[in-house]
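# Structural overview
Letter by letter, the chains look like this.
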Amino acid sequence: MENLILIFISTILINNVVLTYFLGICPFLGVSGKMESALGMGMAVTFVMTLATSISWLIYYLVLERFGLTFLEYVVFILIIASLVQIVEMFIKKYSKNLYQSLGIYLPLITSNCAILGVALFMIVKEYSFLESVVFGFSGGLGFSLVLMVMAGIREELDFADIPETFKGAPLTLITAGILALIFMGFSGLGGG
Amino acid sequence: MKKKELLKGLWSQHPIYRQLLGMCPTLAVTTTAINGIAMGLAVIFVLFFSEFVVASIKRIVPHQVRIAVYTVIIATFVTIVDIFLKAQFPQISKNLGPYVPLIIVNCIILGRCEAFASKNKLSNSLLDALGMGVGFCWGLFVLGSIRELLGAGEILGQRLLPLNFDPLVVMILPAGAFLVLGFLVALMNQVERWKI
Amino acid sequence: MKQIFKICAVLTSICAICAFLLALTHNAAIGKIEENQKKAIQESINKLAPKTTRQEKIKVNNTLLWKLYKDNALIGYAAIASGQGYGGEIEIMTVTGPKLEKIKGIEIIKSNETPGLGSKISQKPFKAQFENLDVTTPITYSKTEPKKPGQIQTITGATISSKSVVEILNKKIKALRVNIQ
């Protein structure tokens, strides 16, 4: 149990998916402009990530490893993720037209969200058990959402500031992310590490 | 030989600094110049062969599954590169670590396959791949060199700054990656504005 | 109906071709990959015990170790200690003296610790602490300057990684003592 809590806290704060492992930068830069879309994207990613890690774990250990096919890991995982995203997209389209409108083109982009594939690959490297992997996937999504929303909050404020032309858009977002990364480094003492 | 298709990836439509694609590996592996180059070369290989296959089979792939098909093709070539590195260059494989499989979701590759190779002829697609790939590579090299220089006083392992230079360790850490990239993109923006 | 059939057919055949291609590549390269791993192990032994003229690889009770000789004198043992670190498994090559009173040093063969923090266990300053370290009693650690023999200082911001290295080593040395006696 203690281990699960440690994984939960460290994945969100200390080894944050975005700020430490550089996963999910594309949606991070693209969707963090408004709080609403950040929240929607964050929830979608958390959902897909948790499912993806669970299903990938099962297929890896029950199928690939058993039959010595681990070299198919990347192809199989990405297929799982692509299918999951397709299903989630159909689901959202049917049950929440508003959410579908606001997330727009970003949904299919979740497939190529390196965060999801990255977290799935990491859980294999870290040799997590099934329960640990599910927690890892869930907290990875939460960590991503957290950073996305903090960034959205900051960017909404920055909309009112006077920014030099050259820095508008991506450069400022990247520099802000850098400062955020510096701040999150302060959390590294939390794990007793 | 359409020169334009080859050159656009090198500057005007630079994948990193202009299109802002492929951020994840850009930030993660550019701790040193050599790692940047290694990743760049791996991407050139995957991009070239992926665009090759996609442009060749574009007529027989049904529209609804094209993304899934492209992704499987890309994942296959990435796995080949990964196996190759583990066998022939184990040290680089260790340095690049989990970021090699992440080439699969490098938006540049899927992006070019979908936006270009699926709609253009084979020869142009190959030029596009080379241009974008080499552009990506030099982009990584520049970022990696700056971070290595300021964070360790070296480039490509060669000590360039005087020994009493106290390295800015933050450059090798994630925060430094974001900061340097942010300034580089701003620089590219400024250069483009001066041109006009 | 024909559409769905075509979609499935194309997707399946492409997957099949790719899987076949990967199987070929994997089989072609697996020999070299395993050879690389063996080489890494040998290199770490050579680094830690350069005066070795002969090695004898033996297995005692499921523990794999190398007996190191200089000419005909036993100068030590080499063994791979492994266990859970912070980010995954850590594999450490360590060379001990013939009486298991000291370790000559360590080399980290495999690790997946946090870049910039835990990854420092593979670097000189941390590893150097284990050179000629007294292990007559289990290795201990401290967050500040080591105060007694057999104690090392943990890396700032990477206590768990550092602790893991110590615990993995202690466990291995204990097992070696039991098996060599």
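Residues numbered from 1 in each chain as written. Chains lettered and ligands numbered in written order. Predicted model: local features only at pLDDT ≥ 70, side-chain atom pairs only at ≥ 80, totals over all residues.

### Overview of the interface of chain B and chain A
Condition: Once C-beta atoms are placed from the backbone, any two residues with those atoms within 7 Å are in contact. In DSSP terms, a helix is any run of H or I states spanning at least four residues, a strand is any run of E spanning at least two, and both are numbered starting from the N terminus.
Listed by partner, the interface residues are 31 residues for chain B and 32 residues for chain A. At the level of elements, α2 (23-29), α4 (66-88), α6 (107-117) and α8 (174-195) of chain B are the ones that each hand at least two residues to the side of chain B that touches chain A. For the side of chain B that touches chain A, the element with the highest residue contribution is α8(B), accounting for twelve residues.

### Examining the nonpolar core
What tends to happen in soluble globular proteins is that the nonpolar side chains get buried as a cluster. As a reminder, the rule being used: Core membership is restricted to buried Ala, Val, Leu, Ile, Met, Phe, Trp, Tyr and Cys residues, and these are joined into a nonpolar core through C-beta atoms within 7 Å. With C-beta atoms placed from the backbone, a residue is labelled by how many other C-beta atoms lie within 10 Å of its own: buried for 20 or more, exposed for 12 or fewer, partly exposed between the two.
Membership of the largest hydrophobic core comes to 132 residues, with the highest contact counts inside it found for A:Leu117, B:Val46, B:Ile74, B:Val78 and B:Ile104. With 14 residues, α4(B) is the single largest residue contributor to this core. Beyond its immediate chain neighbours, meaning those up to four positions away, B:Ile74 contacts B:Val46, B:Ser50, B:Ile104, B:Ile109 and B:Leu110. Membership of the second largest hydrophobic core comes to 31 residues, among which are C:Leu68, C:Tyr77, C:Ile92 and C:Leu133.

### A closer look at the packing of helix α4 (residues 73-95) of chain A against helix α7 (residues 114-125) of chain A
Residues and elements named next belong to chain A. Applied cut-off: Only the stretch in contact is used when fitting a helix axis, every axis being a line fitted to C-alpha atoms; angles between N-to-C directions are given from 0 to 180 degrees. Working definition: roughly parallel below 35 degrees, roughly antiparallel above 145 degrees, roughly perpendicular at 65 to 115 degrees, and oblique for all remaining angles. Note on convention: the crossing is left-handed when the near helix lies turned anticlockwise from the far helix by less than a right angle, right-handed when the turn is clockwise. Three classes are used, and their members are as follows: Ala, Val, Leu, Ile, Met, Phe, Trp, Tyr, Cys and Pro are nonpolar, Asp, Glu, Lys and Arg are charged, and the others, Gly among them, are polar.
At a minimum axis distance of 10 Å, the contact between α4 and α7 shows a crossing angle of 135°. One way to sum up the angle between α4 and α7 is to call them oblique. Taken as a pair, α4 and α7 cross one another with a handedness that is right-handed. Residues Phe77, Ile78 and Ile81 of α4 lie in contact with α7, whose contacting residues are Ile116, Leu117 and Ala120. In terms of residue class, the contact of α4 with α7 is built from six nonpolar, no polar and no charged.

### Examining the sheet that holds strand β2 (residues 63-70) of chain C
Residue and element names in this part refer to chain C. For clarity, the cut-off: Here, strands pair whenever DSSP counts at least two bridges between them.
Pairing is antiparallel across the open sheet formed by six strands, whose spatial order is β1-β2-β3-β4-β5-β6. For this open sheet the edge positions go to β1 (54-60) and β6 (133-134), each flanked by a neighbour on one side alone. Sheet analysis places β2 next to strand β3 (residues 73-84), joined by six bridges and oriented antiparallel. Among the inter-strand pairings, Leu65 is bridged to a residue of β3, identified as Ala79.

### Describing the pairing of strand β4 (residues 89-96) of chain C
Residue and element names in this part refer to chain C. Extensive coverage of β4 is indicated by the burial of six of its eight residues. Across eight bridges, β3 lies against β4 in antiparallel orientation. Each bridged residue has a counterpart across the sheet, and for Gly83 the counterpart in β4 is Ile90. Two elements, β4 and strand β5 (residues 102-110), share six bridges in a ladder whose sense is antiparallel. By the bridge assignment for β5, Thr94 is matched with Ile106. Remark: five residues form the turn of the hairpin made by β4 and β5, two consecutive strands paired antiparallel; Leu100 in that turn has positive phi of roughly 55°.

### Overview of the pairing of β5(C)
The sheet contact formed by β5(C) and β6(C) spans two bridges and is antiparallel. When the bridges of β6(C) are listed, C:Ile103 appears paired with C:Leu133.

### Some remarks on the environment of B:Thr76
Structurally, the position occupied by B:Thr76 is in helix α4. Residue B:Thr76 is classed as buried on the basis of its C-beta count, with 27 C-beta atoms lying within 10 Å. A C-alpha to C-alpha distance of 9.2 Å links B:Thr76 and B:Ser50, two positions 26 residues apart in sequence. With residues near it in sequence (within four places) discarded, B:Thr76 still touches A:Val75, C:Cys18, C:Leu21 and C:Leu22.

### A few points about the confidence of the model for chain B
When pLDDT drops low, the exact placement of atoms in the prediction is not to be read closely. Quick note on the threshold: Every residue carries a pLDDT, the predictor's confidence in it, which falls somewhere between 0 and 100.
Summary statistics for chain B give a mean pLDDT of 82 and a share of 96% for residues scoring 70 or more. Predicted confidence in chain B is weakest over strand β2 (residues 158-159) of chain B, with a mean pLDDT of 72, and strongest over helix α3 (residues 33-57) of chain B, with 89.

### Describing the packing of helix α8 (residues 130-158) of chain A against helix α9 (residues 170-185) of chain A
All names here are of chain A. Closest axis-to-axis distance for the α8/α9 pair is 11 Å, and the angle between their directions is 130°. In terms of orientation, α8 and α9 fall into the oblique class. Note on packing geometry: the crossing formed by α8 with α9 is right-handed. Contacts from Val147, Val150, Met151, Ile154, Arg155 and Leu158 in α8 reach Leu172, Thr173, Thr176, Ala177 and Leu180 in α9. Residues of the contact of α8 with α9, tallied by class, amount to eight nonpolar, two polar and one charged.

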